[in-house]
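Coordinate analysis (summary)
Read off the chains here:
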Amino acid sequence: MRYVVTGAAGFIGSSVCDVLLEGGHEVVGIDCFTDYYPRAIKESNLARARAVPAFRFVELDLAEADVTSIAGDSDGVFHLAAQPGVRESWGAQFATYVRDGILATQRVLEAARAGGGKRVVYASSSSVYGNAERLPAAETATLRPISPYGISKHAGEELCSAYAAGFGVPAVTLRYFTVYGPRQRPDMAFHRFIKSALTGTPIRLHGDGSQSRDFTFVADAVTATVSAMTRGTPGAVYNIGGGARWTVREILGAIGRITGRTLNLLQTDAQPGDVRHTEADTTKARRELGYSPKSDVMSGLAEQVAWTRRALASGVLD
Ligand code: NAD
């Protein structure tokens, strides 16, 4: 098959490209290298895919360029491009979330529609739940996002539903729960914690560390994503969580044990927009996508620590 992956230079998108290429598919990767974090890191994410002849990279901005012919020529689009990050989404930066999250999604859906109803797998987030009334949260729970980022992901989901209802675009939505592992974005907690542990710099901890997350190893998220393209029910939404809930304090303890370092914690205030706890009910993904997360947090963390060591040694991270 020939697939399009948007956000191909990012953390999850580049990992999706690698797995599709390993599976013998052709991949057209799209990214515009937004300046949210350094291009050098994104180029390093892309390096493995770029070495495969079945990969073609197109640098373009989805909020401006027309991708109708690229989508039309494909068997489906994995739409991972967006402006991520909860804390940055307040204030003037919200315009970027509207542009790269909402407008870009609408344009991808238009391209899928013009291409004759191409399948789209849309990367949404557990942030759409806000502080869910009951845990684990099922897909049917009331959506009450408490950050502008969560609102932008919710809007993308609604666009998928509207294009499915209005034009029969077979869009499938995945709600990822905090993804971690090699290539994790520099603004994300594990990335910051591990780098601080390895470089001996203080770790900024927002809140008291009792907040908890359902952490999902990137390989499991990618397996679910690839499976959603062929097995997902058009119009359906699936939670993708790792299957175990850890507090941030427990994670810090694990990072200390894996790196053998004493962590120097600087506690700061909890951040507006951060939810207290997340936990996914993945019954539906297990049933319909055959989803079965394989990684436990200790081994996933160890892989991320090993990746961070390599990235620091090679100068990709400084
Ligand atoms: P990332 O920032 O590493 O990757 C996103 C990529 O999209 C970047 O490389 C960026 O340059 C690109 N991009 C943004 N706007 C673009 C545009 N207008 N045109 C072309 N490219 C553009 O982020 P990630 O962590 O890999 O997240 C991927 C997707 O998964 C996002 O949609 C995010 O909202 C969603 N998600 C991620 C997580 C997580 O834990 N990482 C959790 C829930 C949802």
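Everything that follows concerns the structure shown earlier in this document.
Numbering of residues begins from 1 in every chain and follows the order in which that chain's sequence is written. Restriction of local features to residues with pLDDT of at least 70 applies here, the model being predicted, together with a cutoff of 80 or more for giving and counting side-chain atom pairs; totals for whole chains, interfaces and linings are based on all residues. Side-chain numbers here rest on the full set of heavy atoms in the structure, without hydrogens or water.

Its place among the elements puts S125 in strand β5 (residues 120-125). The classification of residues rests on relative accessible area computed with a 1.4 Å probe and restricted to protein chains. Under 20% of the type maximum is buried, over 50% is exposed, and intermediate values are partly exposed. Since its relative accessible area comes to 6%, S125 is described here as buried. Polar contacts, as counted here, are pairs of nitrogen or oxygen atoms within 3.5 Å of one another; within protein the pair requires one atom able to donate a hydrogen and one able to accept it, and residues that are adjacent in sequence qualify only if both atoms are side-chain atoms. Among the polar contacts made by the side chain of S125, one reaches the main-chain amide nitrogen of S127 at a distance of 2.8 Å. With near-sequence residues (within four places) excluded, S125 lies in contact with Y149, K153, L174, R175 and Y176. The numbering of helices and of strands both runs from the N terminus, where a helix is a DSSP run of H or I of at least 4 residues and a strand a run of E of at least 2. Any two residues whose heavy atoms approach within 4.5 Å at even a single point are treated as in contact.

The aromatic pairing rule takes the rings of Phe, Tyr and Trp, using the six-membered ring of Trp, and pairs them if the centres are within 6.5 Å, calling planes under 30 degrees apart stacked, those over 60 edge-to-face and the rest tilted. Throughout the structure, instances matching the rule amount to 10 aromatic pairs. Relative to F78, the ring of Y3 lies with its centre 5.3 Å away and its plane at 75°, an arrangement referred to as edge-to-face. One end of the pair, Y3, is in strand β1 (residues 2-6); the other, F78, is in strand β4 (residues 76-79), and 75 residues separate them in sequence. Of the two residues, Y3 and F78, both sit in the buried class. Judged by centre distance (4.5 Å) and plane angle (40°), the rings of F190 and F215 are tilted. Pair noted here: F190 is in helix α6 (residues 189-199) and F215 is in the loop between β9 (212-214) and β10 (216-217), with a separation of 25 residues, a long-range link. Considered together, F190 and F215 belong to a single accessibility category, that of buried residues. Ring pairs connect the aromatic residues Y180, F190, F215 and F217, which therefore count as one cluster. A ring has a charge above it when a Lys NZ or an Arg CZ is no more than 6 Å from the ring centre and no more than 35 degrees off the ring normal. Between R39 and the ring centre of F33, over which it is positioned, the NZ or CZ distance is 3.7 Å.

What follows covers the site of the ligand. Contacts to the ligand come from 30 residues, most closely from D31, Y37, Y149, V179 and R185. Between the ligand and the protein, one listed contact pairs an oxygen atom with a side-chain N or O atom of R185 at 2.8 Å. Methods summary: accessible areas were calculated by the Shrake-Rupley approach with a probe of 1.4 Å, and residue burial reflects only the protein chains presented. Relative to its unbound accessible area of 820 Å², the ligand is 98% covered by the protein chains. Elements represented by at least two residues in the shell around the ligand include exactly α1 (11-22), β5 and α5 (148-167). In terms of residue count, the dominant contributor to the shell around the ligand is β5 (three residues). One heavy atom within 4 Å of a molecule or strand makes the whole residue count as near it.

Before going further, it helps to spend a moment on the sheet that holds strand β3 (residues 55-59). Between any two strands, at least two bridges found by DSSP are needed for them to pair. Pairing is parallel in the open sheet, where seven strands are placed in the order β3-β2-β1-β4-β5-β6-β11. Every interior strand has two partners, whereas the edge strands, β3 and β11 (237-240), have only one. Adjacent strand axes in the sheet meet at a mean angle of 20°, parallel and antiparallel pairs treated alike. Bridge count for β1 against strand β2 (residues 26-31) is five bridges, and the pairing is parallel. Axis geometry follows a simple rule: fit a line to the C-alpha atoms, using only the stretch in contact for helices, then measure angles between N-to-C directions, giving values from 0 to 180 degrees.

This paragraph deals with unusual backbone geometry. Residue P136 follows L135 across a cis peptide bond; omega there is 0°. Locating P136 in the fold gives a position in the loop between β5 and α5. Notably, F33 is not glycine yet its phi reads approximately 50°, a positive angle. Examined against the element boundaries, F33 turns out to sit in the loop between β2 and α2 (39-50). Looking at F33, the relative accessible area reads 9%, which means it is buried. Of note in the backbone geometry, R183 takes a positive phi value of approximately 80° without being a glycine. Structurally, the position occupied by R183 is in the loop between β7 (179-180) and α6.

This part is about empty space enclosed by the protein. Site definitions follow a grid-based scheme: protein atoms alone, a 1 Å grid, a 1.4 Å probe that fits but cannot get out for cavities, and for pockets an open set with protein on both sides within 12 Å along at least five of seven lines, plus lining residues having an atom within 4 Å of a point. Grid points are joined across faces, edges and corners, and a volume is the space filled by probe spheres set on the points. Using the criterion set out here, one finds two cavities of 30 Å³ or more in the structure. As a volume, the largest cavity reaches approximately 40 Å³. Around the largest cavity, the lining residues are V4, T6, I30, L62, V67, I70, A71, V77 and V108. For the lining of the largest cavity, the elements supplying multiple residues, two or more each, are β1 and α3 (68-72). Here the second largest cavity defines a volume of roughly 30 Å³. As for the second largest cavity, its lining consists of S126, Y129, G130, A132, L135, A137, F177, H277, T278 and E279. For this classification, the nonpolar set comprises Ala, Val, Leu, Ile, Met, Phe, Trp, Tyr, Cys and Pro, the charged set comprises Asp, Glu, Lys and Arg, and every other residue, Gly included, is treated as polar. Considering only residue class, the lining of the second largest cavity consists of five nonpolar, four polar and one charged.

Each regular strand shows side chains that alternate between the opposite faces of the sheet. Because side chains alternate across β4, one face comprises the buried residues G76 and F78, and the other comprises V77 and H79, equally buried. In this sheet, β5 lies alongside β4 in parallel orientation, the contact comprising three bridges. Along β5, the bridge assignment pairs F78 with V121. Note on handedness: a clockwise path from strand one over the helix to strand two, with the strands aimed away from the viewer, defines a right-handed crossover. Handedness of the crossover joining β4 and β5 through helix α4 (residues 94-114): right-handed.

What follows covers the pattern of salt bridges. Here, a salt bridge means any side-chain nitrogen of Lys or Arg that lies within 4 Å of a carboxyl oxygen of Asp or Glu. Summed over the entire model, instances satisfying the criterion amount to 18 salt bridges. We note a salt bridge from R48 to E22, for which the minimum N-O separation is 3.8 Å. Taken together, the residues span a long stretch of sequence, with R48 in helix α2 and E22 in helix α1 at a distance of 26 residues. Between E43 and R50 there is a salt bridge, with the nearest N and O atoms lying 3.0 Å from each other. Linked by salt bridges that have partners in common, D18, E22, R48 and R183 make up one network.

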